[in-house]
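Structural overview for review
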Amino acid sequence: DAKTTQPNSMESNEEEPVHLPCNHSTISGTDYIHWYRQLPSQGPEYVIHGLTSNVNNRMASLAIAEDRKSSTLILHRATLRDAAVYYCIQSKAAGNKLTFGGGTRVLVKP
Amino acid sequence: GAVVSQHPSWVICKSGTSVKIECRSLDFQATTMFWYRQFPKQSLMLMATSNEGSKATYEQGVEKDKFLINHASLTLSTLTVTSAHPEDSSFYICSVRAGNLYEQYFGPGTRLTVT
């Protein structure tokens, strides 16, 4: 299974941006980068996905390195509700099987 | 995004009994559904992929005779844990994918406790 590496945890202050790094050095040309987050005792929630270009949506931005071996999820202004485990996943678009790693636990301090 | 429900949200059963968990896609037709399991303080582990009208594809190490999956319609998939044992106690989560959408939408999860 394709694996990504993420820091175990990160802390942020409320209203400040959060940059979550992810390494995916084994990524192939057809693999997409997906981000999901999971709040306590809930199912994961889709955040964003991308292939080569940077992506923006209402939840976050995804910055993908030129060599695609790493990416960064950007939460522009963290709120207390953003406290969750964030998972970075590389997956082939066709099958879309998601292999979850350990993720990054984000703590947002008021 | 899609709305996915699971029923029940939690269940307690005795060892040796079977438990059925339902996963429903409420607002679109889900051609593919996935079942995951999550133990406390661990990540999600994919158990199986369920395609409407065909047999589920199980991940390596998941017993297909123990975890029965039925995807009889485009809006409903069920997971039956047969002869449950305490080690089957876990958080079971389903997700759906429709057509060529890249994202998956997850249900709220079902917490199973086997006593």
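Preceding block: the structure.
Report on the accompanying structure. From a predicted model like this one, the values you see are computed outputs, not experimental measurements.

Observations regarding the interface of chain B and chain A
How big an interface is tends to be stated in terms of accessible area lost as the parts join. Listed by partner, the interface residues are 19 residues for chain B and 19 residues for chain A. Of the roughly 1500 Å² buried at the junction of chain B and chain A (both faces included), carbon and sulfur atoms supply 53%. Considering only the side of chain B, the residues that lose the most area to chain A are Leu44(B), Tyr102(B) and Phe106(B), jointly responsible for 37% of the buried surface there. The tally of links from chain B across to chain A stands at 1 salt bridge. With its nearest N and O atoms 3.0 Å apart, the salt bridge here joins Lys97(A) to Glu59(B). Inspection of the region where chain B meets chain A yields 4 residue pairs in polar contact (both at pLDDT 80 or more). When contributions to the side of chain B that touches chain A are tallied by element, the ones reaching two or more residues are strand S4 (32-38), strand S5 (45-51) and strand S9 (90-97) of chain B. For the side of chain B that touches chain A, the residue count by class is 10 nonpolar, 5 polar and 4 charged.

So, the layout of surface pockets
Approximately 430 Å³ is the volume found for the largest pocket. Taken together, 20 residues form the lining of the largest pocket, with Gln38(A), Arg105(A), Gln38(B), Lys41(B) and Gln42(B) sitting closest to its centre. Take the lining of the largest pocket: its biggest share by element is 3 residues, from strand S8 (residues 84-92) of chain A. A per-class count over the lining of the largest pocket returns 8 nonpolar, 9 polar and 3 charged.

Some thoughts on the state of the cysteines
This model, assessed by the stated rule, comprises 2 disulfides over all chains. At a sulfur-sulfur separation of 2.0 Å, the disulfide partner of Cys22(A) is Cys88(A). Taking the torsion about the S-S bond as the criterion, the Cys22(A) to Cys88(A) disulfide, at about -80°, is left-handed. Placement of the pair is Cys22(A) in strand S2 (residues 18-23) and Cys88(A) in strand S8, with a sequence separation of 66 residues. Note on accessibility: Cys22(A) and Cys88(A) belong to one class, buried. Through a disulfide, Cys23(B) is tied to Cys94(B); the S-S separation comes to 2.0 Å. Across the disulfide from Cys23(B) to Cys94(B), rotation about the S-S bond amounts to roughly 80°, and the bridge is consequently right-handed. Of this pair, Cys23(B) sits in strand S3 (residues 19-25) while Cys94(B) sits in strand S9; the two residues are 71 residues apart in sequence, bridging distant segments of the chain. Each member of the pair, Cys23(B) as well as Cys94(B), is classed as buried.

Criteria and cut-off values
- Residues numbered from 1 in each chain as written.
- Chains lettered and ligands numbered in written order.
- Predicted model: local features only at pLDDT ≥ 70, side-chain atom pairs only at ≥ 80, totals over all residues.
- Heavy atoms only, no water.
- Contact = heavy atoms within 4.5 Å.
- Buried area = accessible area lost by both parts, 1.4 Å probe.
- Salt bridge = Lys/Arg side-chain N within 4 Å of Asp/Glu carboxyl O.
- Polar contact = N/O pair within 3.5 Å; in protein donor to acceptor, adjacent residues only side chain to side chain.
- Helix = DSSP H or I, 4+ residues; strand = E, 2+ residues; numbered from the N terminus.
- Nonpolar A, V, L, I, M, F, W, Y, C, P; charged D, E, K, R; others polar.
- 1 Å grid on protein atoms, 1.4 Å probe; cavity = no way out; pocket = protein on both sides within 12 Å on 5 of 7 lines; lining within 4 Å.
- Points joined across faces, edges and corners; volume = space filled by probe spheres on them.
- Disulfide = S-S within 2.5 Å.
- Buried < 20%, exposed > 50% of the residue type's maximum accessible area, 1.4 Å probe, protein only.

Everything listed here is a matter of coordinates, which is why it stays silent on function.
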